[in-house]
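Coordinate inspection notes
For reference, the chains in residue letters:
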Amino acid sequence: FYGEGQTTIPSMYEENINKLVNLLKENPGYNLSVLSCACGDEDENIAKERGENVIKTLTGKGIEETRLRLNTKKYNIQNPKECASLRKVSFSIIK
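Now for a quick tour of the structure. (Residues numbered from 1 in each chain as written. Predicted model: local features only at pLDDT ≥ 70, side-chain atom pairs only at ≥ 80, totals over all residues. Heavy atoms only, no water.)

**Some remarks on helix α2 (residues 44–60)**
In an α-helix, one turn spans 3.6 residues; hence positions three or four apart end up facing the same way. With 17 residues, α2 extends 25 Å from end C-alpha to end C-alpha; this agrees with the ideal 24 Å at 1.5 Å per step. Of the positions making up α2, those classed as buried are I46, A47, R50, G51, V54, I55 and L58. The elements touched by buried residues of α2 are α1 (14–26), β1 (31–39), β2 (68–75) and β3 (89–94). The distance from a side-chain oxygen at the start of α2 to the backbone nitrogen of N45 is 2.7 Å, and the residue carrying that oxygen is D43. Downstream of α2 by one or two residues, G62 has phi in the positive range, about 100°. (Helix = DSSP H or I, 4+ residues; strand = E, 2+ residues; numbered from the N terminus. Expected span 1.5 Å × (residues − 1). Buried < 20%, exposed > 50% of the residue type's maximum accessible area, 1.4 Å probe, protein only. Contact = heavy atoms within 4.5 Å. Polar contact = N/O pair within 3.5 Å; in protein donor to acceptor, adjacent residues only side chain to side chain.)

Spelled out as structure tokens, the structure:
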């Protein structure tokens with residue numbers, strides 16, 4: 001989860017990113033769908049920037065960009081508590 005307007009991957013998720021990289025390296029037939037979200041008053045480009053930062057991190061760790069697909073979503077919810085859980089990047093494995 002990200003703070004409002006933030007696009008840098010929070011450091012507490014570094015271990016999860018490394019596990020994902022290992023999974024993808026061990027399974028070269030797997031591809032990854034990256035869903036990056038923004039919420040509330042955040043600019044729609046925030047979701048794209050979050051996703052691009054994740055993809056840049058994964059490619060920097062040796063995952064081919066051709067295996068990664070970026071999708072973005074903007075939630076038009078104004079409730080701060082609801083938005084806090086929607087400012088995120090999630091992944092789906094595509095076999």
